[in-house]
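# Summary of structural features
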Amino acid sequence: MEKYVFGFWGCYFGTSVLMLGISAFAFSRSLRRVSVNAALATLGSAFFAFAFLGGFASGDSDRDARLLAHVSVVVSASLVYLLLYVLGILRQREVARRAGLALAGVTALVLAGSWSLEPLQAQALGTAIACLIGLAALVLSLRRALRGDRLAWVVVVGVFFMLLAIAGLGWIALHRSGAPWQLHALTATAATAYLVTMASVLWMRYAYLVRPAGWWARLSGNTATTRCLWA
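What you see as residue numbers is a count from 1 along each chain, following the sequence as written. Thresholds applied to this predicted model are a pLDDT of at least 70 for local features of residues and 80 or more for the giving and counting of side-chain atom pairs; totals over whole chains, interfaces and linings are not thresholded and use all residues. For the side-chain quantities, the full set of heavy atoms in the structure was used; hydrogens and water were omitted.

### Topic: the overall build of the chain
Numbering of helices and strands starts at the N terminus; helices are DSSP runs of H or I of at least 4 residues and strands are runs of E of at least 2. Helix and strand content of the chain: nine helices and zero strands. Helices and strands in the chain line up, N terminus first, as α-α-α-α-α-α-α-α-α. Under the scheme applied here, a residue whose accessible area is under 20% of the maximum for its type counts as buried, over 50% as exposed, and between as partly exposed, the area being computed with a 1.4 Å probe on protein chains only. Put simply, the chain has 231 residues, and 44% of those count as buried. Only carbon and sulfur atoms are counted for the fraction: they give 68% of the accessible area of the chain, which is about 12500 Å². Note on areas: Shrake-Rupley, 1.4 Å probe, and residue coverage restricted to the protein chains presented here.

### Things to note about the packing of helix α6 (residues 150-174) against helix α7 (residues 181-206)
Taken N-terminus to C-terminus, the directions of α6 and α7 make an angle of 155 degrees; their axes are 8 Å apart at the nearest point. Considered as vectors, α6 and α7 are oriented roughly antiparallel to each other. Between α6 and α7 the crossing geometry is left-handed. Taken together, the residues of the contact of α6 with α7 sort by class into 18 nonpolar, six polar and one charged. Only the stretch in contact is used when a helix axis is fitted, and all axes are lines through C-alpha atoms; the angle between N-to-C directions ranges over 0 to 180 degrees. The scheme is simple: roughly parallel for angles under 35 degrees, roughly antiparallel for over 145, roughly perpendicular for 65 to 115, oblique for anything else. Definitions for this section: a left-handed crossing has its near helix turned counterclockwise from the far helix by less than a right angle. A right-handed crossing has that turn clockwise. In this classification, Asp, Glu, Lys and Arg are treated as charged, Ala, Val, Leu, Ile, Met, Phe, Trp, Tyr, Cys and Pro as nonpolar, and every other residue, Gly included, as polar.

### Overview of helix α1 (residues 2-28)
Take the number of residues in a helix, subtract one, and multiply by 1.5 Å to get its expected span. Here α1 is 27 residues long and its end C-alpha atoms lie 39 Å apart, about the 39 Å a rise of 1.5 Å per residue gives. Among the residues of α1, V5, W9, Y12, T15, S16, M19, S23 and A26 are the ones counted as buried. What makes two residues a contact is simply this: any of their non-hydrogen atoms within 4.5 Å. At its buried positions, α1 is contacted by α2 (32-52), α6 and α7.

### Considering the packing of aromatic side chains
The aromatic pairing rule takes the rings of Phe, Tyr and Trp, using the six-membered ring of Trp, and pairs them if the centres are within 6.5 Å, calling planes under 30 degrees apart stacked, those over 60 edge-to-face and the rest tilted. Counting across every chain of the model gives seven aromatic pairs. A ring pair is formed by F50 and F56, whose centres lie 5.1 Å apart and whose planes are at 80 degrees; its orientation type is edge-to-face. According to the relative accessible area criterion, F56 is partly exposed, its value standing at 36%. Through a chain of ring-to-ring contacts, the aromatic side chains of W9, Y12 and F13 assemble into a single cluster.

### Focus: the pattern of salt bridges
The rule for a salt bridge is simple: a side-chain nitrogen of Lys or Arg has to be within 4 Å of a carboxyl oxygen of Asp or Glu. Scanning the entire structure with this criterion turns up three salt bridges. Between R97 and E94 there is a salt bridge whose closest N-O contact spans 2.6 Å. Remark: E94 and R97 occur in helix α4 (residues 93-114); sequence separation between them is three residues, near one turn of the helix. The class for R97 is partly exposed, based on a relative accessible area of 45%.

As structure tokens, this is what we get:
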């Protein structure tokens, strides 16, 4: 059944490479905000998956468990911060500062506390905290969606898939040899869906940076103005 595992994860990492390619293209078009946000979401997700699939395995199980404990908390906190930023919750500088300090504080406390636990316990704690951070983001996104923000509904879907991926990867890392291929398939599919959803969120959030140039070019035929808008 390993061919199924490689197939599903190959699809995920292939989507990650495609996302990075699109990010590079956006950067070449001076759409730096879109490019940076897409690249960060993709790299963070891919790094998380690669680590939990054993990509950084050293042969020392205790060391590997400690590493995964750190990766799970740091990466999940970073991805959630990015989601809240794209959603617009962190538009105000003071709100962004407080959210950043809160996530950094939780991350530091969890990582410091994890050293008082056994390595596998620390790994399980890191995965649990990553899920809790994701749940908090889900609640915030859902509240905003219920207030009429259509973009927030897409974010809710993205956070849901992110939670599925985190939980699945956490289970795979704890039971690496006994994880069935169906779990790999579900987790890889959820991770891929998260990337696709994030691409949709970024498009909905920043499409205004792209569309005006196309509309202006078609309506006015002024190619000089179009080049200026894309510069």
